Amino acid sequence: MMNKRITEILGKDSEALLSHTCKTISKDQIHCPGPDFIDRVVSVSDRGPRVLRNMQSVFDHGRLGGTGYLSILPVDQGIEHSGGASFAPNPIYFDPENIVKLAIEAGCNAVASTLGVLGAVSRKYAHKIPFIVKINHNELLSYPNSYDQRLFASVEQAFELGAAAVGATIYFGSLESRRQIEEISQAFETAHSLGMFTVLWCYLRNSEFKTGGTDYHASADLTGQANHLGVTIEADMIKQKQPVNNGGYNAVKFGKTHKDVYDKLTTDNPIDLTRYQVANCYMGRSGLINSGGASGKNDMHQAVLSAVINKRAGGMGLISGRKTFQKPMKEGVEIFNAIQDVFLDDDITIA
């Protein structure tokens with residue numbers, strides 16, 4: 001029987017999302033998450049046995065252990081925005097240990113953060129929860145600001161502190177994206193050779209993607225293509241914002257697309273839009289992890305809503321940062337647990 005609290009949190013969105021059937025890309029075509037995902041999907045790839053072992057360790061950890069779904073705490077906003085912007089609402093997270101403690105207390109599969117954060121506590125915690133070291137960041141102290149992901153750490157440093165994986169961001173669509181693609185492709189090759197798996201934040205960044213009063217940085221067609229580029233450089237998992245609209249290619253009037261993307265492969269339903277993101281992750285061979293977004297009003301509702309959309313679309317889980325660490329730890333844990341309850345509920349199925 002479906003968790004009653006989930007339907008209560010969803011409120012008026014409950015019926016539309018939980019009863020939806022995807023008639024665009026069939027669920028039979030998706031490599032769905034599950035307890036056997038490593039054996040069924042990843043083991044047939046070129047990933048080595050140490051990569052498989054590290055991936056399995058993450059799938060086996062936390063409240064979602066053994067399900068094939070993931071709940072991850074990411075905290076690198078201290079660099080991406082500023083320490084003040086990120087941690088002033090809850091200053092305990094200036095201390096890296098509390099970041100890791102939140103992930104453990106919340107039953108997360110892994111914690112993703114900077115070299116400095118994870119290196120500061122690696123000997124105490126690297127064997128207690130899998131680490132994902134984010135090796136590049138957008139540095140916003142330089143004035144005027146520029147938006148460019150730059151390497152802050154090496155793959156070898158992540159390996160030495162005991163990380164299971166490395167993570168990185170590419171700003172697809174930006175003037176700097178070609179350099180970022182080359183840097184991160186090489187970094188991912190090194191990570192795989194050392195036995196770590198790879199997570200790519202496939203974000204878009206170009207002022208021209210805002211046109212006609214609409215922002216298409218989270219459109220299904222453009223984010224889908226960013227995902228497709230990400231899996232091309234062998235990202236094992238893709239982190240992407242859930243789509244909020246569609247038709248970016250047509251609105252910006254650039255690149256190449258096809259009318260069937262809009263007539264047959266997507267609808268306006270958020271599950272169908274996210275299904276298109278999954279399809280671009282090699283039909284789910286690389287798991288799609290959606291982000292929880294910024295903290296604001298109704299964070300519990302938004303987090304559970306995102307989890308339901310991701311799961312029903314064929315995604316692999318949620319990566320939830322500011323909605324959780326910008327609150328007292330108890331409240332952050334409650335949001336994580338509500339997200340996890342969605343993925344633990346067998347009555348919430350692939351649409």
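Scroll up a little and you will see the structure.
Source: prediction; values computed, not measured. (Residues numbered from 1 in each chain as written. Predicted model: local features only at pLDDT ≥ 70, side-chain atom pairs only at ≥ 80, totals over all residues. Heavy atoms only, no water.)

Q: Describe the overall build of the protein, with residues and values.
A: Looking only at helices and strands, the protein features 18 helices and twelve strands. Relative to a compact globule of 351 residues, whose C-alpha radius of gyration would be 20 Å, the protein shows 19 Å and is just as compact. With the C-alpha coordinates aligned to their principal axes, the bounding extent of the protein is approximately 50 × 50 × 45 Å. Every one of the 351 residues in the protein was classed for burial, and the buried ones make up 57%. When contacts within the protein are restricted to residue pairs at least 6 apart in sequence, those whose partners lie at least 24 apart make up 74%. Put simply, the protein has 35 plus and 37 minus side-chain charges, and the middle of one group is 2 Å from the middle of the other. (Helix = DSSP H or I, 4+ residues; strand = E, 2+ residues; numbered from the N terminus. Rg over C-alpha atoms; globule rule 2.2 N^0.38 Å. Buried < 20%, exposed > 50% of the residue type's maximum accessible area, 1.4 Å probe, protein only. Contact = heavy atoms within 4.5 Å. Lys, Arg positive; Asp, Glu negative; His and termini not counted. Charge placed at Lys NZ, Arg CZ, Asp CG, Glu CD.)

Q: Can you lay out the side chain of Glu-97 for me, pointing to particular residues and giving the numbers?
A: Its place among the elements puts Glu-97 in helix H7 (residues 96–105). The class of Glu-97 is buried, set by a relative accessible area of 18%. Here the side chain of Glu-97 touches Tyr-125 through a polar contact of 2.6 Å, side chain to side chain. The contact partners of Glu-97, leaving out residues within four places of it in the chain, are Val-121, Lys-124 and Tyr-125. (Polar contact = N/O pair within 3.5 Å; in protein donor to acceptor, adjacent residues only side chain to side chain.)

Q: Requested: an account of the pattern of salt bridges, with residues and values cited.
A: All told, the structure shown has 14 salt bridges when counted by the stated rule. The shortest N-O distance in the salt bridge between Arg-47 and Asp-236 comes to 2.6 Å. Of the two residues, Arg-47 sits in the loop between helix H3 (37–40) and helix H4 (49–59) while Asp-236 sits in the loop between helix H12 (220–232) and strand E10 (237–240), which places them 189 residues apart along the sequence. Asp-236 carries the same exposure label as Arg-47, and that label is buried. One salt bridge in this structure joins Lys-259 and Asp-260, with 3.6 Å as the shortest N-O distance. Judged by relative accessible area, Lys-259 falls into the exposed class, the value being 57%. For Asp-260, a relative accessible area of 21% gives the class partly exposed. When salt bridges with common partners are traced through the structure, they connect Asp-46, Arg-47, Glu-234 and Asp-236 into a single cluster. (Salt bridge = Lys/Arg side-chain N within 4 Å of Asp/Glu carboxyl O.)

Q: How would you sum up unusual backbone geometry? Please name residues and give values.
A: Here the residue pair Tyr-143 and Pro-144 is connected by a cis peptide bond, since its omega of 0° sits within 30 degrees of zero. Summarising the element assignment, Pro-144 is placed in the loop between strand E4 (136–138) and strand E5 (149–151). Here Tyr-282, not a glycine, exhibits a phi torsion of approximately 55°, which is positive. Looking at the secondary structure, you find Tyr-282 in the loop between helix H15 (270–279) and strand E11 (287–291). When its relative accessible area of 36% is taken as the criterion, Tyr-282 is described as partly exposed. Here the phi dihedral of Met-283 falls at roughly 55°; this positive angle occurs in a residue that is not glycine. Here Met-283 falls in the partly exposed class, since its relative accessible area comes to 23%.

Q: Mind laying out the nonpolar core, listing which residues take part and the relevant values?
A: In this structure, Leu-73, Phe-131, Ile-135, Leu-200 and Val-304 are the most contacted members of the largest nonpolar core, which totals 85 residues. For Ile-135, the residues in contact, after removing those within four places along its chain, are Arg-150, Leu-151, Phe-152, Ala-153, Ser-154, Val-155, Val-166, Gly-167, Ala-168, Ile-184 and Ala-187. (Core = buried A, V, L, I, M, F, W, Y, C linked by side-chain atoms within 4.5 Å.)

Q: Please set out the packing of H12 against H15 residue by residue, giving values where relevant.
A: With their axes 8 Å apart at the nearest point, H12 and H15 run at an angle of 25° to one another. On the basis of the axis angle, H12 is roughly parallel to H15. The two elements H12 and H15 meet at a crossing, and its hand is right-handed. Contacts from Ala-220, Asp-221, Thr-223 and Asn-227 of H12 reach H15 at Leu-273, Tyr-276 and Gln-277. Here the contact of H12 with H15 is built from residues that sort into three nonpolar, three polar and one charged. (Axes fitted to C-alpha atoms, helices over the stretch in contact; angles between N-to-C directions. Parallel < 35°, antiparallel > 145°, perpendicular 65-115°, else oblique. Left-handed = near helix turned anticlockwise from the far one by under 90°. Nonpolar A, V, L, I, M, F, W, Y, C, P; charged D, E, K, R; others polar.)

Q: Lay out H7 in plain terms, naming residues and giving numbers.
A: With respect to burial, H7 is a largely interior element, seven of its ten residues being buried. Put simply, Asp-95 is the residue that caps the front of H7, since its side-chain oxygen is 3.0 Å from the backbone nitrogen of Glu-97. Positive phi shows up at Gly-107, right after H7, with a value of about 75°.

Q: Residues and numbers for H12, please.
A: Between its first and last C-alpha atoms H12 spans 18 Å; for 13 residues at 1.5 Å apiece the expected length is 18 Å, and the two agree. Taken as a whole, H12 has its buried residues at Ala-220, Asp-221, Leu-222, Thr-223, Gly-224, Ala-226, Asn-227, Gly-230 and Val-231. Following H12 by one or two positions, Glu-234 adopts a phi angle in the positive range, close to 65°. (Expected span 1.5 Å × (residues − 1).)

Q: Could you give an account of the side chain of Ser-291, with specific residues and numbers?
A: Within the secondary structure layout, Ser-291 lies in strand E11. Ignoring any residue separated from it by four or fewer positions in sequence, one finds Ser-291 in contact with Tyr-203, Lys-239, Gln-240, Lys-241 and Ile-319.

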